[in-house]
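What follows is the residue order along each chain.
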Amino acid sequence: MALLESVPPFGPLAEEVHTLADSLLPSRQDPVALLFNDAGFEPPTLTWSPTRSALRHPLLKRFYDVVEKQERQNQCLLAETITEDLLGLHDLGNWFIYLEAETPEGPFRYRSYGQAVAQTYGHDMTGKTTLDFPEHIGVFFSALYYACAMRREPVLAIHEPPNEVFVQFWHRLTVPVCATKSIGKIESPITGFLTLAIPESDLRAGMELMPDPVMVADAEGIVRFANRKAREAFDGGCSGPWDRTVFDYSGLDLTLDQSPEDLIRRDMIDERRVLRLDQTTLRDVRVTVSAARHRGAALYVIVIRID
């Protein structure tokens, strides 16, 4: 018996099942999926007008609750509600992004870029536009905000960042902002967007809690992340830009003899003492070099123990 003949009919759900199956065929990938696939990334997931239960992070739920309490025009926030008090909410403020739209079609310019978002990304995008992001990300952000303006409703986007960003996924909940309340059937224009951007990364979260300075570097020895202790010890508490060598970032005279792939394959941990240039003084410090995989890439994990 043929496989399809062995499957019972779907009855009244036949049309729904067939429609859904058709949408899952590779040949029916939408342009957003193709954009990410062509760049070597998994397609993002988009949820329009998400319910509170669809939000996986507690800060996203908190943002949802805050928006519910604000005066709105249908599903849009009013521009007058985007105040310093709102942007500075103690548990959300560092993750807020506020963009202004010169027209509903763009360009979309960052007027406020949360400190925690900037630290995670490694760059402060304040004053820049969505197209100042590299390659497919800039195109995706521009299209996402344009669609949000056209639909005039909130959207949750979950997507992979570029490889140099030490995050598994970004969760972005965006609410459109309109100038004033609509008058009759004339809708008030969309003038901006308020986004809460939350990174998801188990490795990153664990490293932030470690009591020693920790750096993550790629196979070329370029630092892609440093935990809080490392930022305080080597970078004045700042974060990024994440494009410096281990020596330029930390002053460690550290030669990475084996690739992170080799360290993973051999299940090795390299422990040694190296010199660190601290302003004009050389200090002897203990260093442990291991490796871990993040989104398929092998990365160095460098732990520094400063006596």
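Structure first, text after, so check above.
In this text the structure is predicted, and so the values were computed from the model without any measurement.

A few words on the overall build of the protein. Assigned secondary structure in the protein consists of eleven helices and 13 strands. When the 307 residues of the protein are sorted by exposure, 43% land in the buried category. Across the protein, every contact between residues at least 6 apart in sequence was considered, and the portion connecting residues at least 24 apart equals 51%. On the protein, roughly 16400 Å² of surface is accessible, and the fraction owed to carbon and sulfur atoms is 53%. The centroid of the 31 positive side-chain charges in the protein is displaced by 4 Å from the centroid of its 44 negative side-chain charges.

A few words now on the pairing of strand β10 (residues 223-226). By the bridge criterion, three bridges tie strand β9 (residues 214-217) to β10 in an arrangement that is antiparallel. Residue pairing for β10: A217 is matched across the bridge by V223. Following β9, the chain reverses through five residues before pairing antiparallel with β10; G221 in that reversal takes a positive phi of roughly 80°.

Looking now at the pattern of salt bridges. Tallied over the entire structure, the rule returns 19 salt bridges. Note that R62 and D91 form a salt bridge whose closest N and O atoms lie 2.9 Å from each other. Residue R62 is located in helix α4 (residues 58-69), and its partner D91 is located in the loop between α5 (84-87) and β4 (96-101); the two are separated by 29 residues in the primary sequence. Here R244 and D235 are joined by a salt bridge, their closest N and O atoms 3.1 Å apart.

With that settled, the discussion passes to the packing of aromatic side chains. All told, the structure shown has 14 aromatic pairs when counted by the stated rule. Summarising the aromatic geometry, the rings of F63 and F96 are spaced 5.3 Å apart at their centres and angled 75° between planes, so their arrangement reads as edge-to-face. Remark: F96 occurs in strand β4 and F63 occurs in helix α4; sequence separation between them is 33 residues. Residue classification places F96 among the buried residues on the basis of a relative accessible area of 1%. Their ring planes at 25° and their centres at 5.2 Å tell us that F166 and F225 sit as a pair that is stacked. In this pair, F166 is assigned in the loop between β6 (155-159) and β7 (169-178) and F225 in strand β10, connecting sequence segments 59 residues apart.

In this section: unusual backbone geometry. In the Ramachandran plot, S49 falls in the positive-phi region, its phi being about 50° despite a non-glycine side chain. Looking at where S49 falls in the secondary structure, it is placed in the loop between β1 (45-48) and α4. Even without a glycine there, the phi angle at D267 is positive, about 55°. Relative to the helices and strands, D267 is located in the loop between α11 (260-265) and β11 (270-278).

Attention now moves to a nonpolar patch on the surface. On the surface, a nonpolar cluster with roughly 370 Å² of combined accessible area is contributed by F247, L275, L277 and L282. Within the element layout of this structure, L282 appears in strand β12 (residues 281-294).

We now examine the nonpolar core. Of all hydrophobic cores here, the largest spans 54 residues; its most connected members are F63, Y110, Y113, F193, L194 and L196. Those residues in contact with F63 that sit more than four places away from it in its chain are L92, F96, L173, V175, L194 and L196. Residues M215, A230, Y249 and L252 belong to the second largest nonpolar core, which totals 19 residues.

Let us look at the state of the cysteines. In the structure shown here, the tally under the stated rule is zero disulfides. Take C76: it sits in no disulfide, and the sulfur closest to it among the cysteines is that of C178, at 4.8 Å. Of the residues examined, C76 reaches a relative accessible area of 1% and is grouped as buried. This cysteine, C148, is not joined by any disulfide, and C76 carries the nearest cysteine sulfur, 7.6 Å off.

In this section: the sheet that holds β12. Strand order in the open sheet formed by five strands is β10-β9-β13-β12-β11, with antiparallel pairing between adjacent strands. At either end of the open sheet lies a strand with only one pairing partner, and these are β10 and β11. Taking the axes of each pair of neighbouring strands and ignoring which way they run, one obtains an average angle of 30° across the sheet. As defined by bridge partners, β11 adjoins β12 across nine bridges and the pair is classed as antiparallel. By the bridge assignment for β12, D270 is matched with V289.

What counts as what
Residues numbered from 1 in each chain as written. Predicted model: local features only at pLDDT ≥ 70, side-chain atom pairs only at ≥ 80, totals over all residues. Heavy atoms only, no water. Helix = DSSP H or I, 4+ residues; strand = E, 2+ residues; numbered from the N terminus. Buried < 20%, exposed > 50% of the residue type's maximum accessible area, 1.4 Å probe, protein only. Contact = heavy atoms within 4.5 Å. Areas by Shrake-Rupley, 256 points an atom, 1.4 Å probe, with all protein chains shown as cover. Lys, Arg positive; Asp, Glu negative; His and termini not counted. Charge placed at Lys NZ, Arg CZ, Asp CG, Glu CD. Pairing = 2+ DSSP bridges. Salt bridge = Lys/Arg side-chain N within 4 Å of Asp/Glu carboxyl O. Phe/Tyr/Trp six-rings, centres within 6.5 Å; stacked < 30°, edge-to-face > 60°. Patch = residues over 30% accessible without salt bridge, like charges linked within 9 Å, V, L, I, M, F, W, Y side chains within 5 Å. Core = buried A, V, L, I, M, F, W, Y, C linked by side-chain atoms within 4.5 Å. Disulfide = S-S within 2.5 Å. Axes fitted to C-alpha atoms, helices over the stretch in contact; angles between N-to-C directions.

Don't take any of this as a statement about function, it's just geometry.
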